[in-house]
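Take a look at the letters that make up each chain.
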Amino acid sequence: GEDVEQSLFLSVREGDSSVINCTYTDSSSTYLYWYKQEPGAGLQLLTYIFSNMDMKQDQRLTVLLNKKDKHLSLRIADTQTGDSAIYFCAERPRDDKIIFGKGTRLHILP
Amino acid sequence: GAVVSQHPSRVICKSGTSVKIECRSLDFQATTMFWYRQFPKKSLMLMATSNEGSKATYEQGVEKDKFLINHASLTLSTLTVTSAHPEDSSFYICSAAGTGNGYTFGSGTRLTVV
């Protein structure tokens, strides 16, 4: 069945890089997304990648896509306390469907 | 694992009619349900948060008389778009907060109002 998997927790020291991993099952998805949720807020779209791309970089964010292994990762360079949030991976196999992972809670250690 | 079933996945309705979207938690009790609306390639906007048995808490700018949310049981929450208009056309998605199990999302509903 369709599923998106990601670990629930990640702790990283301030200044280090954070890498959040995600695996998905539907190879037909043309878009893959990373969302950020801060306490009390909605889901903010951080970045997305087309399935025909391997990598996308946007300032401190780097998204890597391994389509063969159906593996997506989000790297946050120089992690700051403001990066503390829940990060959701999602795939969109078609226009009327989006499948989210359960979210990775990123905790920043001083 | 925890599953939220959202129906319908796609609906087309005439302007002025009402549409109901359902989210059911299939194998867990969803004490809190979140309803989101997404515009193309944009963030998911939180519309409201509902707790089972109580009135939903709506975010600023969301009309509670237009977007009726009911969360009468621990396994079912509904969003009714009343007197729908073309500007209500969007992608709606629900999410249930798990107890130590992360968030579980429905797969979304594409609403088109003609």
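Cut-off values and rules
Residues numbered from 1 in each chain as written. Chains lettered and ligands numbered in written order. Predicted model: local features only at pLDDT ≥ 70, side-chain atom pairs only at ≥ 80, totals over all residues. Heavy atoms only, no water. Helix = DSSP H or I, 4+ residues; strand = E, 2+ residues; numbered from the N terminus. Rg over C-alpha atoms; globule rule 2.2 N^0.38 Å. Buried < 20%, exposed > 50% of the residue type's maximum accessible area, 1.4 Å probe, protein only. Areas by Shrake-Rupley, 256 points an atom, 1.4 Å probe, with all protein chains shown as cover. Phe/Tyr/Trp six-rings, centres within 6.5 Å; stacked < 30°, edge-to-face > 60°. Lys NZ or Arg CZ within 6 Å of the ring centre and 35° of its normal.

Draft legend 1. Inspection of the overall build of chain B at higher detail. Across its full length, chain B carries zero helices and eleven strands. Written out in order from the N terminus, the α and β elements of chain B read β-β-β-β-β-β-β-β-β-β-β. On C-alpha atoms alone, chain B measures out to a radius of gyration of 13 Å, which is about the 13 Å that the 2.2 N^0.38 rule sets for 114 residues. Each principal axis of the C-alpha distribution contributes one length, and for chain B these read about 40 × 25 × 20 Å. Taking all 114 residues of chain B together, the buried fraction comes to 50%. Total accessible area computed for chain B in this model is approximately 5,500 Å², and 52% of it derives from carbon and sulfur atoms.

Draft legend 2. Examining the packing of aromatic side chains more closely. Inspection of every chain in the model, using the stated rule, returns 14 aromatic pairs over all chains. Ring plane angle 45° and centroid distance 6.3 Å describe the contact between Tyr33 of chain A and Tyr48 of chain A, whose orientation is recorded as tilted. With Tyr33 of chain A in strand β4 (residues 31–37) and Tyr48 of chain A in strand β5 (residues 43–50), the pair connects residues that are 15 residues apart, well separated along the chain. With a centroid separation of 5.9 Å and an interplanar angle of 50°, the aromatic rings of Phe34 of chain B and Tyr103 of chain B are classed as tilted. Of the two residues, Phe34 of chain B is situated in strand β4 (residues 32–38) and Tyr103 of chain B in strand β10 (residues 103–105); the sequence distance between them amounts to 69 residues. Residue Phe34 of chain B is classed as buried on the basis of its relative accessible area of 13%. Here the aromatic cluster, defined as three or more aromatic residues joined through ring pairs, consists of Tyr31, Tyr33, Tyr35, Tyr48, Phe50, Phe88 and Phe100 of chain A together with Phe34, Tyr36, Tyr103 and Phe105 of chain B. Over the aromatic face of Tyr48 of chain A sits the side chain of Lys56 of chain A, whose NZ or CZ is 4.3 Å from the ring centroid. When the ring centre of Phe91 of chain B is taken as reference, the NZ or CZ atom of Arg92 of chain A above it lies at 4.5 Å.

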